[in-house]
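# Fold and contact review
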Amino acid sequence: MSDFGGMEDLLQDFLQEAHDLLSDVDNKLVELEKMPDDRGLLNDIFRGFHTVKGGAGFLNASELVTLCHLTENLFDRLRNGEIELSPELMDIIMAATNGVREMFGELGQMVQPQPADPHIIAALRGALEGEVPGAPSSVVEAPPASAAATAEATASAPGEPDWGSLHAAVSGQPVSHGEFIAKAEVATESAAPVAAVSVAEANLTPAGGAPAPSPFGRRTTDRPGGQPTSARRTEERGRENTIRVDTARLDQVLNLSGEIGLTKNRLTSLRADILAGKNDSETLHALDQAVSQLDLLVSDLQNSVMKTRMQPIGRLFQKYPRIARDLARQLGKDVELVLSGEETEVDKTMIEDLADPLIHLIRNAVDHGVELPSVRQACGKPVKSLVRLEARQEGDHIVLIIADDGKGMSAERIRAKAVEKGLISEEEANTLDERQSLNLIFLPGFSTMAQVSDVSGRGVGMDVVKTNIQKLNGSVEIRSEPGKGSVFIISLPLTLAILPVLLVLLGDQPFALPLSMVREILPIDRERIQEVGGKETLVVRGEVLPVVSLARLLGWTLEQPPEYGVFMQTAERSFILGVDSFAGRDDAVIKSLEDFKPKGVAGVTTLSNGQIVLILDMKELLSDLGMRTDVGGSSRMLDFA
Amino acid sequence: MADPKMRILVVDDFSTMRRIVRNLLKELGFTNVDEAEDGAIALQKLQGGGFEFVVTDWNMPNMDGLTLLQTIRATPTLKHLPVLMITAEAKKENIIAAAQAGASGYIVKPFTAGTLSEKLNKIFEKMGLA
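Residues numbered from 1 in each chain as written. Chains lettered and ligands numbered in written order. Predicted model: local features only at pLDDT ≥ 70, side-chain atom pairs only at ≥ 80, totals over all residues.

Helix and strand counts for chain B stand at five helices and five strands. Going residue by residue from the N terminus, the α and β elements of chain B occur as β-α-β-α-β-α-β-α-β-α. For chain B, the residues scored as buried account for 48% of the 130 residues in total. (Helix = DSSP H or I, 4+ residues; strand = E, 2+ residues; numbered from the N terminus. Buried ≥ 20, exposed ≤ 12 C-beta atoms within 10 Å, placed from the backbone.)

Given below as structure tokens:
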């Protein structure tokens, strides 16, 4: 089943760390294209491959070792100035990096990686021998005889350097065994330009020669400089089940839980006192103190535990410059992805769920937003376009911004397109303002390009981006100026574990509504209710809103008409939810109902008095009634789309 | 066999590798192990005193293993410390450089507990600890 019996833990650690390393290498490669002579970058990239190679060796992933080894050697040559970096060489390196990534994917599935694409291996070997156009013919100085000999002796027996002889040789002490000298002569004769490399390789590639092509012909399409993005798709990996936490944060959790233990002991002893009839003011004061302390400690603990789930979003961001670079190159565009706010911390689950929408928005910006260099030049813009990816915390929200300086979007054209696609009617289109028009691109089935280019996605549209963001209780906003560029602003709650809710009452029964959907609360004056098309509606500041009674949504019989209305806004619609009364607001800790999930219920929470409250999933409740078509159907629907 | 309580410092920037080396050392009975992420941090820890053995990677940011080794050998209070270099490099230049800098041993990745034990014992022998 697994090629890694007993090493699964190690493998997971390795993959997590190696993935980060590779992303870092990817970004450094993008930078390297701009500064091909930067020794610091070359060193860092060299070290990245070197480190992966070292770890892969322990996992017996020999194909990964081979690939990393060749790439590492190439960077060794580059940093020593023996080879020059050419665009062709860069393509080979990028392909090799993709190869390494694919192998990580295989390792992630617990199988030893297949040999790398023979084309890549051959290209790397060729490059090492200086067969890349533009590279000077490179010759490694033949090392001094004794040194070559000792290294030969060392390297030929893996992990078995003859340290004594080596030291003797280096320090110039007489060498006693003749065998040693004989070897020295052989080594001198064979000191070919790539001697050092081939010696090391002999150890690393058991088969000796170049690795055999994959029996499945799996990578034959993945040629150097080909389509790196398609290669990447195969590496989509499952969710990470592990998390890296700063030990200081864990210590804090430990410390707090210890404190809580102590307070609990105090309470236990107070309980004994009180049960024994001791209820003088001193005891009660002590009880009061202990409970307040517990209160403080528990909320601290909640915060600390929450913090252990927070990860810097930079871990997600670091994958993108490479994706943007590959895509731009493929499209013949010159794009730089500028990152900022990488240190912003976001809940781990959210980071994973954001990966796809962000990739999509970045691809969208590079593909649809940014113009071709010739067009940009004609418009008097700089040829290189900037795509900005930014994260920051604003109050209790995380804001993500994807901005490009491309051609922007024309509200006019978007409206026309939506009408043409039959997504909205001509009349509806005429009532839309600028913002509403831009929001049309989030409708399923919308795409501004006459032809969807193969790079923009896997059949995922902007509607999926929107849906995914909404799943995280977030929202997306677009701003665009024709000729200047577009900005996508994503706003997300800090965490998903705590949900601020409004508690409404239906009779005596409380229900919790997500507060993020609540706009305002208003009394329902029966006389102001108007019947429109057989539905009850209420006009609020000039907007006609349908009134839906919660009792009806839940299938209860209406004992009395609702007295209060909650003005609710979801992504697709706005309406007034009729309820009897309110019980206040609360920060609900959501417990999911795993085995038994009634429709329309997102989960349950416990109130301070111990009562259990259902948290309603408005979307599900509404869909039950077929509300999509008859609630806020017309232009309202687009207002928040 | 040397004292299993011997305090060992494992230096590597790749935490997976530190874990591997640590596990191998544990297999050999050495449990008093501390870790450092690079040469600079290692040097700080070493200057704090108490360490009797250093196992270090070569390629690291900030301060690499070779510089660490050279610094150790140039520091009167540390120069006696045995230093075992671990690297994925079997290149002659590297091995020579390590030897010249005064490494007590050199081990090429990947290796097994057996190999590590052999290397350690050789060093202990030389130090007269065996």
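From this point on, the discussion continues.
Let's shift gears to the overall build of chain A. Counting secondary structure elements, chain A contains 24 helices and 18 strands. Counting across all 641 residues of chain A, residues that qualify as buried make up 35%. A fraction of 70% describes how many contacts in chain A between residues 6 or more apart in sequence connect residues 24 or more apart. (Contact = placed C-beta atoms within 7 Å.)

All names here are of chain A. Bridging between strand β12 (residues 535-540) and strand β13 (residues 543-549) involves four bridges; their strand directions are antiparallel. Its bridge partner being in β13, Val-540 is matched across the sheet by Glu-543. Two successive antiparallel strands, β12 and β13, enclose a turn made up of two residues, where Arg-541 displays a positive phi of approximately 45°. Pairing geometry for β13 and strand β15 (residues 574-579), over three bridges, is parallel. (Pairing = 2+ DSSP bridges.)

Residues and elements named next belong to chain A. As summarised here, the arrangement of the five strands in space is β16-β8-β9-β18-β17, forming an open sheet in which the pairing is mixed. Each edge of the open sheet is held by one strand with a lone partner, namely β16 (581-589) and β17 (601-606). Strand-to-strand twist of the sheet, defined as the mean angle between neighbouring strand axes without regard to direction, takes the value 35°. Here eight bridges tie strand β8 (residues 498-506) to β16, and the two strands are oriented antiparallel to one another. In the sheet register, Val-504 faces β16, and the bridge partner there is Phe-582. (Axes fitted to C-alpha atoms, helices over the stretch in contact; angles between N-to-C directions.)

The end-to-end C-alpha separation of helix α1 (residues 15-27) of chain B is 18 Å, in line with the 18 Å expected for 13 residues at 1.5 Å each. Looking one or two residues beyond α1 of chain B, the residue adopting positive phi is Gly-29 of chain B, at roughly 100°. (Expected span 1.5 Å × (residues − 1).)

Let us look at the confidence of the model for chain A. The predicted coordinates should not be examined in detail at positions where pLDDT is low. Residues and elements named next belong to chain A. Residues with a pLDDT of 70 or more make up 76% of chain A, whose mean pLDDT is 76. The secondary structure element of chain A with the lowest average pLDDT is helix α24 (residues 635-639), at 34, and the one with the highest is helix α11 (residues 247-275), at 92. Here residues 448-459 is a poorly scored stretch, pLDDT under 50, and it has 19 contacts once near neighbours within four places are set aside; other chains count. Throughout residues 626-641 the model reports pLDDT below 50, and contacts reaching past four residues in sequence, or to other chains, amount to 35 contacts. (pLDDT = per-residue confidence, 0-100.)

One finds Ile-92, Val-100 and Leu-124 of chain A together with Val-55 and Met-85 of chain B to be the most contacted residues of the largest nonpolar core, which totals 86 residues. Among the elements that make up this core, the one with the highest residue count is helix α4 (residues 87-108) of chain A (ten residues). Within the second largest apolar cluster, 46 residues are counted, among which are Ile-362, Ala-365, Ala-391 and Ile-402 of chain A. (Core = buried A, V, L, I, M, F, W, Y, C linked by C-beta atoms within 7 Å.)

Residues and elements named next belong to chain B. The five strands lie next to each other as β2-β1-β3-β4-β5, forming an open sheet whose pairing is parallel. Each end of this open sheet is capped by a strand with a single partner; those strands are β2 (33-36) and β5 (105-108). The mean inter-strand angle of the sheet, taken between neighbouring strand axes irrespective of direction, is 20°. With four bridges joining them, strand β3 (residues 53-57) and strand β4 (residues 83-87) adopt parallel strand pairing. Counted as the bridge partner of Val-55 is Leu-84 from β4. Sheet strands touched by α1: β1 (8-11), β2, β3 and β4. Its angle to β1, the strand with the most contacts, is close to 150°.

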